[in-house]
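# Structural overview for review
Here is how the chains run, residue by residue.
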Amino acid sequence: MTTPGNPAPHEDTLAQARHDNPAPHEDTLTPARHDNPAPHETTLPRAGHGGPGDGADRPRVLRVAGPLVEITCPSTAAMHDLVVLGAARLPGEVVAIHGDAATVQAYEYTGALAPGHPAELRGHPLSVRLAPDLLGGVFDGLLRPLHRAGDLLTAVEPSAGDVDRRTWVFTPRAAEGTEVAAGDVLGEIGARVPLRLLVPPGRSGRATGIAAAGEYRADAVLAVVGGEAVRMAQLWPVRRPRPVARRLPGDVPLTTGQRAVDLLFPVARGSTVAVPGGFGTGKTMLLQQIAKWCDADVIVYVGCGERGNEMADVIEELAELTDPRSGGRLAERTVTIANTSNMPMMAREASVHTGATVAEYFRDMGLDVVLIADSTSRWAEALREFASRMGELPAEEGYPAGLASRLAAFYERGAAVRTLGGASGSVTVIGAVSPPGGDRTEPVTAHTERFVRCLWSLDRDLAYARHYPAVSWSESFSRDAPALAAAYARAGEPEWAERRGRVARQLAEADRLADLVELVGITALPPRERISVLAGRLLREAVIQQSALSPADAYSAPEKTAALVEAVVTVVDRCLELVDSGVEAEAVEAVDFTPLLRARETAGPAETAPVVAARDTVLARLAEAA
């Protein structure tokens, strides 16, 4: 299955064992705790490693212009082939072929590269190694390990005897000699999340040589299917979406713990979200909170072009945060892909596809995955710069003409699916957009809005008023809301849709009256409209607003959100009854609503009793005012 803007790699890519699985160990079925570990096979070379000697017929570098490198093109070259350049063996990818020359997109700094230096085509597309040991790791855009260096992230240079000695508990689930097909479960892998060893896509046959229960390294052979070895670790081309049996309707909510999102603009598992907002509106904070608190099984966080110190802080926070689901560290079920602004520019272009490939790998195990890309604007800027170097005719604001199809191909990889093995899994894609100057008509924002199911637009005025999250209730939308409302109704909660509609209508009415209040003052409004203005303030401050730094309010469970809404709605209805009965609006407005406004802080993340108590206190004060 391919998508627009993502050409498929060679047809024989997956038929070659070296593309799906690293070379087998000599002692294939011996548990890792007993054997002598072999070094990790690396998918991509790291700059600075020496290469083989120069051959007379080897392709050569013709021209270097930053990340754009032209090489002589052999007849075997194909689009998206992986290329290594120069003695430093810089990785790159073929992006254009014209006559006897090919254009390569380099993923490392090319300052030492010059015409005449050797180039080598590897004969397969850009691929990454997928394995359970990705969980808890920090990687660059090509899935190579990184580590913190003070406030930044730097590359880890592997040394000649570097060995990953980590082992994983394997429990076989398939009987010896069983006929299996792609996606069938061969065994279970012990980790913080339930991982499985699956028959790789494109593989079927009789399962033999199944390893006994024990601890194994990721590169150990655990079974043989159709005469080919199966390991925990496998290679997969980043631009090829992993196959599925079929797509499923998105009608299961993804709970983020952020009331403005879960209440007004909910997202289904397997859906797509865009988060546009100018500088300082809180995009990164919102995405970090979702990464910490959403109820997905695995989080894939792609920092694309963001500041290095900012990403280092994110990684540090994730490492320290306790996972409410497992009791361990949240980082243990998170994969962080960081291609920050101080790293090679064109690796940003690969990083979003790498993140999607990692997310699909865990999805195929029947897990729900959230893929967060922060931000797609920096990715698009890399596309624009490279297109300019290639001499492509610029489209709107200098972006390449294929920008829309590239965005569509990325968001298309988000879906709820039935896997090849019959399990249900999902990838929910949440992409931040950073429009220059907050201009939402610029191409990246405008095109992204066409392809996503939900839009969480961040408002500068709300952000500068210290209102978190600064999600604009007038400029955001959720196309998943009707399907989720029907799902809630089937589950016995038909009031969900009415609760959401009541809050949306009340906020819209308060916004409409805000302009009149500025013109004529609050005292010129009729009593019921004055109560509508009061209702808007209570909803904003008691329900929609949240504190990302409060242990009680950083996460809001669905039951707490529902209790806060019910409390505010009950109080507002009582206020309307009072003014209708003749009580002066000034007397109602003079009531102290503080207990209701503070209920979100006094109640724990999933508590409702303090909210009910605050509501009753305010109702008693209203009774005294009557």
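To be clear, the structure that these remarks concern was listed above.
Summarised in this report is the structure supplied together with it. All residue numbers refer to positions counted from 1 along the written sequence of the respective chain. Residue-level local features of this predicted model are given only where pLDDT is at least 70; pairs of side-chain atoms are given and counted only at 80 or more, and the full residue set underlies all totals for whole chains, interfaces and linings. Only hydrogens and water are removed before side-chain values are computed, so all heavy atoms of the structure are retained for them.

### Structural notes on the layout of surface pockets
A 1.4 Å probe that fits into a set of points on a 1 Å grid over the protein atoms alone but cannot get out defines a cavity; an open set with protein on both sides within 12 Å along at least five of seven lines defines a pocket, and lining residues are those with an atom within 4 Å of a point. Grid points are joined across faces, edges and corners, and a volume is the space filled by probe spheres set on the points. Taken as a whole, the second largest pocket holds about 430 Å³ of empty space. Around the second largest pocket, the lining comprises 21 residues; the ones closest to its centre are Gly-280, Lys-283, Thr-284, Arg-307 and Glu-310. Considered class by class, the residues forming the lining of the second largest pocket number four nonpolar, 11 polar and six charged. In this count, Pro and Cys sit with the nonpolar residues alongside Ala, Val, Leu, Ile, Met, Phe, Trp and Tyr, while Asp, Glu, Lys and Arg are called charged and the others, Gly among them, polar.

### Quick look at the packing of helix H5 (residues 347-363) against helix H6 (residues 376-390)
Axis definition: a line fit to C-alpha positions, over the contact stretch in the case of helices; interaxial angles, taken between N-to-C directions, run 0 to 180 degrees. Starting at the N terminus, helices and strands are each numbered in turn, a helix being any DSSP run of H or I of at least four residues and a strand any DSSP run of E of at least two. Look at H5 against H6: their axes get within 8 Å of each other, and the N-to-C directions meet at 130°. Classified by the angle between their axes, H5 and H6 sit oblique to one another. When the axes of H5 and H6 are compared, the crossing they make is left-handed. Listed contacts from H6 to Arg-348, Glu-349, Val-352 and His-353 of H5 are Arg-378, Trp-379, Ala-382 and Leu-383. Split by residue class, the contact of H5 with H6 holds four nonpolar, one polar and three charged. Orientation categories follow fixed angle ranges, with anything under 35 degrees roughly parallel, anything over 145 roughly antiparallel, 65 to 115 roughly perpendicular, and all other angles oblique. Helix crossings are classified by the rotation of the near helix relative to the far one: an anticlockwise turn of less than a right angle makes the crossing left-handed, while a clockwise turn makes it right-handed. Contacts: residue pairs with any heavy atoms within 4.5 Å of one another.

### With respect to the packing of aromatic side chains
In this description, a pair of aromatic rings is defined by centroid distance and the angle of the planes. Here the aromatic set is Phe, Tyr and Trp, taking the six-membered ring for Trp, and pairing holds for ring centres within 6.5 Å; pairs whose planes are under 30 degrees apart are stacked, those over 60 apart are edge-to-face, and all others are tilted. Inspection of the entire model under this criterion finds six aromatic pairs. Ring geometry for Phe-170 against Tyr-216: centres 6.2 Å apart, planes inclined by 85°, an arrangement best described as edge-to-face. Of the two residues, Phe-170 is situated in strand S11 (residues 168-172) and Tyr-216 in strand S16 (residues 214-216); the sequence distance between them amounts to 46 residues. Put simply, the rings of Trp-379, Phe-410 and Tyr-411 pair up and form one aromatic cluster. A ring is scored as having a charge over it whenever the NZ atom of a lysine or the CZ atom of an arginine sits within 6 Å of its centre and within 35 degrees of its normal. The ring of Trp-236 is capped by Arg-242, whose NZ or CZ atom sits 4.7 Å from the centre of that ring.

### A word on the sheet that holds strand S14 (residues 195-198)
With antiparallel pairing, the four strands of this open sheet are ordered in space as S14-S13-S11-S16. Each edge of the open sheet carries a strand with a single partner, namely S14 and S16. Ignoring which end each strand starts from, the neighbouring axes of this sheet average 40° apart. Should DSSP find at least two bridges between two strands, the strands are taken to pair. Where S11 lies against strand S13 (residues 185-189), three bridges are found, and the strand directions are antiparallel.

### Notes on H5
A helix is expected to span 1.5 Å multiplied by its residue count minus one. In a regular helix each residue adds 1.5 Å, so 17 residues correspond to 24 Å; H5 covers 24 Å between its end C-alpha atoms and thus fits that length. We call a residue buried when its accessible area falls under 20% of the maximum for its residue type, exposed when it is over 50%, and partly exposed in between, using a 1.4 Å probe and counting protein chains only. Among the 17 residues that make up H5, 17 are buried, leaving the element largely enclosed by the rest of the structure.

### Things to note about empty space enclosed by the protein
The final tally for this structure, using the stated rule, is seven cavities of 30 Å³ or more. One number sums up the size of the largest cavity: a volume of about 160 Å³. Together, 19 residues line the largest cavity, and Leu-198, Val-199, Gln-234, Arg-242 and Asp-364 are the ones closest to its centre. Looking at the lining of the largest cavity, the element that brings in the most residues is S14, giving three residues. Grouping the constituent residues of the lining of the largest cavity by class yields 11 nonpolar, four polar and four charged.

### Here's the deal with unusual backbone geometry
Of note, the amide linkage connecting Asp-374 to Ser-375 takes the cis form, showing an omega dihedral of 0°. Note that Ser-375 resides in the loop between strand S24 (368-374) and H6. Here the amide bond leading from Tyr-468 into Pro-469 is cis, since omega sits at -10°, within 30 degrees of zero. The phi torsion at Leu-143 lies on the positive side, around 65°, for a residue other than glycine. The buried category is assigned to Leu-143, whose relative accessible area is 10%. Phi at Glu-397 takes a positive value of approximately 55°, unusual for a residue other than glycine. As for its position among the elements, Glu-397 is in the loop between H6 and helix H7 (403-411).

### Side note on the pairing of strand S17 (residues 221-225)
With four of five residues buried, S17 is to be regarded as a mostly interior element. Looking at chain direction, strand S15 (residues 205-208) and S17 are connected through two bridges and run antiparallel. Residue pairing for S17: Ala-207 is matched across the bridge by Val-225. With four bridges joining them, S17 and strand S18 (residues 228-231) adopt antiparallel strand pairing. Bridge pairing in S18 places Val-224 opposite Ala-229. Connecting the antiparallel pair S17 and S18 is a turn made up of two residues, with Gly-226 showing a positive phi of about 60°.

### So, the environment of Ile-290
Within the secondary structure, Ile-290 sits in helix H3 (residues 283-293). Taking relative accessible area as the criterion, Ile-290 reaches 0% and is therefore assigned buried. With 82 residues separating them in the primary sequence, Ile-290 and Ile-372 have C-alpha atoms 9.0 Å apart. Excluding residues within four positions of it along the chain, Ile-290 makes contact with Thr-256, Gln-258, Ile-430 and Trp-456.

### Focus on helix H4 (residues 308-320)
In a regular helix each residue adds 1.5 Å, so 13 residues correspond to 18 Å; H4 covers 19 Å between its end C-alpha atoms and thus fits that length. Listed as buried for H4 are Gly-308, Glu-310, Met-311, Ala-312, Val-314, Ile-315 and Leu-318.

### Describing a nonpolar patch on the surface
Taken together, the side chains of Leu-516, Leu-519 and Val-520 present a nonpolar region at the surface, about 300 Å² in accessible area. Tracing the sequence through the fold places Leu-516 in helix H11 (residues 495-520). Note on Leu-516: relative accessible area 34%, which makes it partly exposed. Residues forming no salt bridge and having over 30% relative accessible area are the ones grouped into patches, like charges within 9 Å of each other and nonpolar side chains (Val, Leu, Ile, Met, Phe, Trp, Tyr) within 5 Å. Residue-level accessible areas treat just the shown protein chains as cover; the underlying method is Shrake-Rupley with a 1.4 Å probe. Salt bridge criterion: a side-chain nitrogen from Lys or Arg within 4 Å of a carboxyl oxygen from Asp or Glu.

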